[in-house]
Amino acid sequence: MEARAIARLAAALSEAAGADVQLDRPNDPEHGDYATNAALRLAPVRRRPPRQLAEELAAAARAVDAVERAEVAGPGFVNLWLGRSWFGEALDEILRVGRDFGAGSAARRERVQVEMVSANPTGPVTVASARNGAYGDCVARLLEFAGHDVQREYYYNDAGAQVERFRASVEARRRGDDPPADGYHGAYVDDLARLEGDPLPVMLAQIERTLERFRIHFDTWALQSELERELPQILDRLPTYEKDGALWVRSTDFGDTRDRVLIRSPERGALPTYEAADIVYLKQKLDRGFDRAIYVLGADHQDVRGWYAVVARMLGYEEPRVEVLLYQLVHLTRGGEKTRMAKRRGDVVFLDELMDEVGVDAARWYLVSRGPDQTIEIDVDLAAEKTQKNPVYYVQYAHARIAGILRNAGSAEVGAAPPGELAREERELVKRLLEFPALVTEATERRGPHAIPLYAIRVADDFHRFYHEHRVLGSGAQAFRLGLCRATQDLLARCLDLIGVEAPARM
RNA sequence: GCGCCUGUAGCUCAGCGGAAGAGCGGCGGCCUUCUAAGCCGUUGGUCGGGGGUUCGAAUCCCUCCAGGCGCACCA
């Protein structure tokens, strides 16, 4: 989705040129407000020199109202400069929609379930799970902003071997013994041992509290034990066979890399495997009425991606309804030395500790600012120092600065029409704001929320520059500049909200 | 061995078919003016190597090198 002001301009140019004209924002301000490579694209099709086509396109562009100047440059680019009335209309468009600027890009409203975190409740939320949550929650927020109906779900194993090991570890501490070698050893096990009863619900409640603090709210919690109860009905519909006492499914018939065990052999407890529950779970998700089921998984579960596609095929669902989002792992270093993150050993950094050290805003910002395919390295010792330099404060500061101006402005008139020629900083800021609809749409479709904080830095950048060069209150352009301020503030607040970071009015 | 991901400025990373970028670091400037958590200047790159496709490649294809992560009757 493109901002209307840009879409209208592109349409007018396309009509004048008799060809599809797409607009880009050149990096170099010398290359105009917008530029198009339409002549370069067209040259091979029309078998004509690109420069010649560009000259014709430029001539046609000059006839378009909004265009003040059009020049041919380089191998066949056409650079465009726009008049002030176009900027006024563009800002007016942004102010009219306010916080909804860029929203509603979804062609069709879908019911989407995003399942995330889903760590077994055998310990506090780790930093690795925090990335899962930060990423998944931001994807969910983007989908909601696009107009979809999104549900966040947490899935956990409440009856498997790991959970039993966890319970046994707590029991051992209660007796005054050391936990078993293959059990859990963190200090949190000692804390749980001091309480009575099943430690699982306690742990689960703590996980939920941590995630709420991290600003992730789960609508539903799914239990593996409940899914397993529905397993028998599904087994008949699958191509299963027995081998070595276990029950297997012939998933290779559906393109799997190997057949999978669904029910273990008697000597291994005859219990259903995770894969068995996966099948029931997917069926249940899609039968519950979701158009799309999104799984958020760490790269150490990458083989599961292919597996879910196989499950969808076995159950007869269209594959696009199942989507697996992978993100690379988070590595922690202490003073340059790598630390392992094994929950059972207890030498981990928990999300609560990270939030204590750097704050919720910085933690979220940090975990979502990198592309999902990029491994994140956090030096725990440097994380706290990062606070003052973190770009999150740069963006929040821009928001707070604007809030200050608007407070001082009181009920002064807010307008969109520039009273005279726009200054360079004003032009750049308006064009930056106009990038948002296309950018947020792409971030949503590509499941790449990291584009949002990076864009927010650019917006803050342009605003700080504008602020530094131009006085708002008391200037001849006060109403226009107040409009620019409000539009910028709304957009920054939107960007921060999309990544779950607060937009303070004062700092 | 097979599969997925990564390799862009000293460091951390964007960009993924159209005119090489940001933050941090380094160096040097700017506060009687709506918040200096700010602004400006400067320093910095055979976009891992080699082939190919294209008018045009950091971006697509092949190959090699380096690193991370997976290929269980674990979860």
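**With respect to the sheet that holds strand S5 (residues 149-156)**
Item 1. Across the sheet, which stays open at both edges, the five strands sit in the order S6-S5-S4-S10-S11 with parallel pairing between neighbours. Looking along the sheet, the strands with just one partner apiece sit at the ends: strand S6 (220-223) and strand S11 (322-327). For this sheet, the mean inter-axis angle between neighbouring strands, taken without regard to orientation, is 25°.
Item 2. Direction of pairing for strand S4 (residues 111-115) relative to S5: parallel, over a ladder of five bridges. For Gln-113, the partnering residue across the bridge sits in S5 and is Gln-151.

**Some words on the side chain of Thr-444**
Item 1. For Thr-444, the location among the structural elements is in helix H19 (residues 436-445).
Item 2. Residue Thr-444 is classed as buried on the basis of its relative accessible area of 7%.
Item 3. A distance of 2.7 Å separates a polar side-chain atom of Thr-444 from the backbone oxygen of Val-440.
Item 4. Residues within four places of Thr-444 in sequence aside, it is in contact with Leu-142, Leu-143 and Ala-146.

**Thoughts on the protein's contact with RNA strand B**
Item 1. Taken together, the neighbourhood of RNA strand B is formed by 61 residues, with Asn-79, Arg-264, Gln-302, Tyr-397 and Arg-401 sitting nearest.
Item 2. The sugar-phosphate share of atoms of RNA strand B within 4 Å of the protein amounts to 67%.
Item 3. Elements with a contribution of two residues or more to the surface near RNA strand B: helix H2 (38-46), strand S3 (77-82), helix H6 (161-174), strand S8 (246-249), helix H11 (274-287), helix H17 (391-409) and helix H20 (451-469).
Item 4. Tallied by class, the residues present in the surface near RNA strand B amount to 22 nonpolar, 19 polar and 20 charged.

**Side note on the packing of aromatic side chains**
Item 1. A complete count under the given rule lists 17 aromatic pairs for this structure.
Item 2. A ring pair is formed by Tyr-154 and Phe-218, whose centres lie 5.3 Å apart and whose planes are at 80°; its orientation type is edge-to-face. Residue Tyr-154 is found in strand S5, and its partner Phe-218 is found in the loop between helix H8 (199-213) and S6; the two are separated by 64 residues along the sequence. In this pair, the class of Tyr-154 matches that of Phe-218, namely buried.
Item 3. Summarising the aromatic geometry, the rings of Phe-166 and Tyr-184 are spaced 6.0 Å apart at their centres and angled 85° between planes, so their arrangement reads as edge-to-face. With Phe-166 in helix H6 and Tyr-184 in the loop between H6 and helix H7 (187-193), this pair connects stretches of sequence that are 18 residues apart.
Item 4. What makes Phe-166 buried here is its relative accessible area of 0%.
Item 5. In this structure Tyr-184 comes out as buried when scored by relative accessible area, which is 4%.
Item 6. Aromatic ring contacts, followed pair by pair, group Phe-101, Phe-145, Phe-436 and Tyr-455 into a single cluster.
Item 7. Positioned over the ring face of Tyr-281 is Lys-285, at 4.2 Å from the centre of the ring.

**Comments concerning helix H5 (residues 127-146)**
Item 1. Taking 1.5 Å as the rise per residue, H5 with 20 residues should run 28 Å; its terminal C-alpha atoms sit 28 Å apart, in good agreement.
Item 2. Of all 20 residues in H5, 18 are buried; the element is thus mostly enclosed.
Item 3. Following H5 by one or two positions, Gly-147 has its phi on the positive side, about 115°.

**Some thoughts on the environment of Glu-2**
Item 1. The residue Glu-2 is located in the segment before helix H1 (4-17) in this model.
Item 2. Not counting the four nearest positions on each side in its chain, Glu-2 is found in contact with Ala-7, Pro-437 and Ala-438.

**Some thoughts on the environment of Gly-316**
Item 1. Tracing the backbone shows Gly-316 in the loop between helix H12 (303-315) and S11.
Item 2. Owing to a relative accessible area of 59%, Gly-316 belongs among the exposed residues under this scheme.

**Observations regarding the confidence of the model for chain A**
Item 1. Scored by pLDDT, chain A has a mean of 91; 95% of the residues are at 70 or more.
Item 2. Model confidence for the complex is summarised by a pTM of 0.95, with the ipTM given as 0.94.

**A closer look at the environment of Tyr-281**
Item 1. Within the fold, Tyr-281 resides in helix H11.
Item 2. Looking at Tyr-281, the relative accessible area reads 1%, which means it is buried.
Item 3. Spatially, the C-alpha atoms of Tyr-281 and Gly-83 are 57 Å apart, while their sequence positions differ by 198 residues.
Item 4. Sequence-distant contacts of Tyr-281, that is, excluding residues within four places in its chain, are made with Gln-113, Glu-115, Glu-153, Tyr-155, Ala-222, Leu-227 and Arg-288.

**Description of the pairing of S11**
Item 1. With six of its six residues buried, S11 lies for the most part within the structure.
Item 2. A two-sided burial pattern is seen for S11, the buried positions comprising Val-322, Val-324 and Leu-326 on one face and Glu-323, Leu-325 and Tyr-327 on the other.
Item 3. In terms of strand pairing, strand S10 (residues 292-298) meets S11 through six bridges, oriented parallel. Within the sheet, the bridge partner assigned to Ile-294 lies in S11 and is Glu-323.
Item 4. Remark: the S10/H12/S11 crossover connection has right-handed handedness.

**Quick look at the side chain of Asp-158**
Item 1. As for its position among the elements, Asp-158 is in the loop between S5 and H6.
Item 2. Buried and without a salt bridge, Asp-158 has Arg-229 as its closest oppositely charged side chain, separated by 6.5 Å.
Item 3. For Asp-158, the side chain forms a polar contact with the side chain of Ser-225, separated by 2.5 Å.
Item 4. Contact partners of Asp-158, with chain neighbours within four places excluded, come to Val-163, Arg-167, Leu-200, Leu-223, Gln-224 and Ser-225.

**Side note on the layout of surface pockets**
Item 1. Looking at the second largest pocket, its volume works out to about 530 Å³.
Item 2. For the lining of the second largest pocket, the elements supplying multiple residues, two or more each, are helix H18 (424-434), H19 and H20.
Item 3. Element by element, the count of residues in the lining of the second largest pocket is highest for H19, at four residues.
Item 4. Here the residues of the lining of the second largest pocket are counted per class, giving eleven nonpolar, two polar and ten charged.
Item 5. Taken together, domain 1 (4-82) and domain 3 (391-498) each give at least three residues to the lining of the second largest pocket, which thus spans both.

**So, the pattern of salt bridges**
Item 1. The full count for this structure, using the stated rule, is 44 salt bridges.
Item 2. Of the charged contacts in the structure, one is a salt bridge between Arg-108 and Glu-110, with a shortest N-O distance of 3.4 Å.
Item 3. Residue Asp-191 pairs with Arg-194 through a salt bridge whose shortest N-O separation is 2.7 Å.
Item 4. You can call Arg-194 exposed: its relative accessible area is 63%.
Item 5. Bridged by salt links that share partners, the residues Arg-25, Asp-33, Arg-427, Glu-428, Lys-431, Arg-432, Glu-435, Arg-458, Asp-461, Asp-462 and Arg-465 form one connected network.

Rules used throughout
Starting from 1, residues in each chain are numbered consecutively following that chain's sequence as written. To label them, take the chains in the order written and letter them from A, then take the ligands in the order written and number them from 1. With pLDDT at 70 or above as the cut-off, local features in this predicted model cover only qualifying residues; side-chain atom pairs require 80 or more to be listed or tallied, and sums for whole chains, interfaces and linings still use all residues. Hydrogens and waters are ignored; side-chain quantities use all the structure's heavy atoms. A pair of strands is labelled paired if DSSP reports no fewer than 2 bridges between them. Counting from the N terminus, the helices are DSSP H or I runs at least four residues long and the strands are E runs at least two residues long. Note on geometry: axes are lines fitted to C-alpha atoms, helical ones only across the stretch in contact, with angles between N-to-C directions running from 0 to 180 degrees. The cut-offs for exposure are 20% and 50% of the maximum accessible area for each residue type, with area from a 1.4 Å probe on protein chains only; residues under the lower value are buried, those over the upper are exposed, and the others partly exposed. Each polar contact in these results corresponds to two N or O atoms within 3.5 Å; when the atoms are within protein, one needs to be able to donate a hydrogen and the other to accept it, and residues that are neighboring in sequence are counted only if both atoms are side-chain atoms. Whether two residues are in contact is decided by their heavy atoms: any pair within 4.5 Å suffices. Here a residue is considered near a molecule or strand provided that any single heavy atom belonging to it is located within 4 Å of it. Amino acid classes used here: Ala, Val, Leu, Ile, Met, Phe, Trp, Tyr, Cys and Pro are nonpolar; Asp, Glu, Lys and Arg are charged; the rest, including Gly, are polar. Geometry of aromatic contacts follows a simple scheme: Phe, Tyr and Trp rings, the Trp one being its six-membered ring, pair when their centres are within 6.5 Å, and the pair is stacked under 30 degrees between planes, edge-to-face over 60, tilted otherwise. Both a distance and an angle decide whether a charge sits over a ring: NZ of Lys or CZ of Arg must be within 6 Å of the ring centre and within 35 degrees of the ring normal. Expected span of a helix: the number of residues minus one, times 1.5 Å. Each residue carries a pLDDT score, the predictor's confidence in it, ranging from 0 to 100. The handedness of a crossover follows from its direction of travel: if, with the strands pointing away from the viewer, the path from the first strand over the helix to the second runs clockwise, the crossover is right-handed. Charge counting follows a simple rule: Lys and Arg are positive, Asp and Glu are negative, and His as well as the terminal groups are ignored. Salt bridge, as applied in this entry: a Lys or Arg side-chain nitrogen positioned within 4 Å of an Asp or Glu carboxyl oxygen. Cavity: a set of points on a 1 Å grid over the protein atoms alone where a 1.4 Å probe fits but cannot get out. Pocket: an open set with protein on both sides within 12 Å along at least five of seven lines, its lining residues, like those of a cavity, having an atom within 4 Å of a point. Grid points are joined across faces, edges and corners, and a volume is the space filled by probe spheres set on the points. Where a domain begins and ends is set by an automatic assignment or by a domain database.

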